[in-house]
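Chain residues, written in single-letter form:
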Amino acid sequence: MSHKRVAILISGGGSNMVALLGSMTGDHPARPCLVLSNDAGAGGLARAAERGVATAVIDHKPFGADRAAFEAELVKPLIAARTDIVCLAGFMRVLTAGFVGQWTGRMLNIHPSLLPKYRGLHTHARALDAGDAEHGCTVHEVTPELDDGPILGQARVPVRSDDTPQTLAARVLVQEHRLYPAVLRRFCDGNREPLLLP
Ligand code: GAR
């Protein structure tokens, strides 16, 4: 059997990336082909290299506001690695419709809220400010609209009365590490039914 080739895009510590890498073993239908970052200082790059996964960096800063020029470089290592599926995992650059369109039906993102609530940033503080009783995370297919696209899975956590954005983020992150590998596996098997974890 030939495995699907998964590239993971990160900007930071890469804890979701580590969870995804750890899942792609044994009878899993996919294997990691690349970890790619827009930031040479991303902590996740070393964690990927330690695990024997190829890494690459395309720094977005020299491109300024020219997203398309940045993406023209970003796509090169993805193509060179013969990427089938792209997983955004804490990748903090907004992607243009032109880039997204090259990966239609083949690009996933994890977002730290129960979409469609709280697209964008500061999701944990916004859930607390709204007085929400529950919060969580979503894995979805990437479409040109930010943090939109068909939902592939969600995991929920109860909000506690003494939560801060930090404590809530930490509990959601534990769920992200359960959800993303589970959704990727199903996705690789062609199953796009939303996976709803308690
Ligand atoms: C995760 O909580 C992820 O959901 C979030 O960034 C964090 C990355 O952590 N992503 C976004 O906010 C995307 N807009 P990690 O680098 O440890 O996986």
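That block above? That's the structure.
Reading guide: rules and limits
Residues numbered from 1 in each chain as written. Predicted model: local features only at pLDDT ≥ 70, side-chain atom pairs only at ≥ 80, totals over all residues. Heavy atoms only, no water. Near = heavy atom within 4 Å. Polar contact = N/O pair within 3.5 Å; in protein donor to acceptor, adjacent residues only side chain to side chain. Helix = DSSP H or I, 4+ residues; strand = E, 2+ residues; numbered from the N terminus. Nonpolar A, V, L, I, M, F, W, Y, C, P; charged D, E, K, R; others polar. Salt bridge = Lys/Arg side-chain N within 4 Å of Asp/Glu carboxyl O. Buried < 20%, exposed > 50% of the residue type's maximum accessible area, 1.4 Å probe, protein only. Pairing = 2+ DSSP bridges.

**Looking at the site of the ligand**
The full set of residues close to the ligand is Gly13, Gly14, Ser15, Asn16, Gly90, Met92, Ile110, His111, Pro112, Leu173 and Glu176. Contact distances for the ligand include 2.8 Å between an oxygen atom and a backbone N or O atom of glycine 14. Measuring from an oxygen atom of the ligand, one finds a side-chain N or O atom of serine 15 at 2.6 Å. At the level of elements, helix H1 (15-23), strand S5 (107-111) and helix H6 (165-188) are the ones that each hand at least two residues to the shell around the ligand. The class makeup of the residues in the shell around the ligand is four nonpolar, six polar and one charged.

**With respect to the pattern of salt bridges**
Overall, the coordinates contain nine salt bridges when judged by the stated rule. Residues glutamate 50 and arginine 51 are paired through a salt bridge, measuring 3.6 Å at the closest nitrogen-oxygen approach. Residue arginine 119 is joined to aspartate 148 by a salt bridge in which the shortest nitrogen-to-oxygen separation is 3.2 Å. Placement of the pair is arginine 119 in the loop between S5 and helix H5 (123-129) and aspartate 148 in the loop between strand S6 (134-141) and strand S7 (151-158), with a sequence separation of 29 residues.

**Considering the pairing of strand S4 (residues 85-88)**
If a strand is regular, its side chains alternate between the two faces of the sheet. Here S4 shows a buried face lined by Ile85 and Cys87 and a second buried face lined by Val86 and Leu88. Here S4 pairs with S5 via three bridges, running parallel. Bridge pairing links valine 86 to methionine 107 in S5.

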